[in-house]
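# Report on the structure
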Amino acid sequence: RSRPVARRRRDRAVPAKPCSGFRRHPRQGRGSRRLLRAIRPLRPEDVVRGQAREYRHEPGVAPDSRVETYVAARLSIENDRWRGVPVLIRAGKYLKDTFMDVRVRFKVPPTTLFDAEIEGHPNAIRFRLSPDVCISLTARIKRAGEEMVGEDASLVEHRMPGDEMRPYERLLRDAMEGDRTLFGSEAAVEAQWRVVNDVLSNDLPLHPYEAGTSGPK
């Protein structure tokens, strides 16, 4: 009988398999890319740039810096669903409050039951995304009494405290878990650059504003 030959086992490093959930489905993100392609590229008259007066006193910032700390933009989406509906975006630093929300304002009807001589006060739905999560409806209702005068009333449908995880902590966690919900594709990023590319010049006016306010007047 032949004796079995003892073979020396070699330890080899086995590469870790990528998270299966991190692979993007072929159809994932197509809707957002179509929406981005339907946005008309921004024009100078669609954008307001601002800079907080305190920004130039920050360490490492040039005294004549023209870097904006506030931007407001008006987007136009050229498709059948959103054509004619203005989309307004505001973002900045050194502002009075720090939050992220989406507000949908409804058109004011041609005739109103009260406040006929007062403009504005449209009904609206607000989706507060951070720091707390909240869904609320703001409606114009009649104030108690004989006079036909209205007042705003907010109805809160859902409220949930936000977590303590910072945005970049959440991105790192999602990357390790293979969750691509908050990650964009290369095609989506290219579509976003197409929208803002024409207004990236520093030639646009830079409006100063005080820290702790809502931005330029």
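Structural notes, computed from the coordinates.

Reading guide: rules and limits
- Residues numbered from 1 in each chain as written.
- Predicted model: local features only at pLDDT ≥ 70, side-chain atom pairs only at ≥ 80, totals over all residues.
- Heavy atoms only, no water.
- Helix = DSSP H or I, 4+ residues; strand = E, 2+ residues; numbered from the N terminus.
- Salt bridge = Lys/Arg side-chain N within 4 Å of Asp/Glu carboxyl O.
- Buried < 20%, exposed > 50% of the residue type's maximum accessible area, 1.4 Å probe, protein only.
- Pairing = 2+ DSSP bridges.
- Axes fitted to C-alpha atoms, helices over the stretch in contact; angles between N-to-C directions.

## Quick look at unusual backbone geometry
The amide bond that connects Ser130 to the next residue, Pro131, takes the cis arrangement and shows omega of 0 degrees. Within the element layout of this structure, Pro131 appears in the loop between β5 (124–130) and β6 (133–142). The phi dihedral of Tyr94 is positive, around 60 degrees, even though this residue is not glycine.

## With respect to the pattern of salt bridges
Oppositely charged side chains can form a pair if their charged atoms are brought close together. Under the counting rule described, the total for this entry stands at 13 salt bridges. Arg74 serves as the salt-bridge partner of Asp46, at 3.1 Å between the closest nitrogen and oxygen. Within this pair, whereas Asp46 is found in the loop between α1 (30–38) and β1 (47–52), its partner Arg74 is found in strand β2 (residues 70–75), the two being separated by 28 residues in sequence. The residue Asp80 makes a salt bridge to Arg83 at a minimum N-O spacing of 3.3 Å. The class of Asp80 is exposed, set by a relative accessible area of 73%. Arg83 gets classed as partly exposed once you look at its relative accessible area, which sits at 47%. Connected via shared salt-bridge partners are Arg40, Arg43, Glu45, Asp46 and Arg74.

## Digging into the sheet that holds strand β8 (residues 206–209)
In space, the four strands of this open sheet follow the order β3-β2-β1-β8, with mixed pairing throughout. Strand pairing shows two members of the sheet lacking a second neighbour, β3 (87–92) and β8, which therefore form its edges. Each strand axis lies, on average, 20 degrees off the axis of its neighbour in the sheet, ignoring direction.

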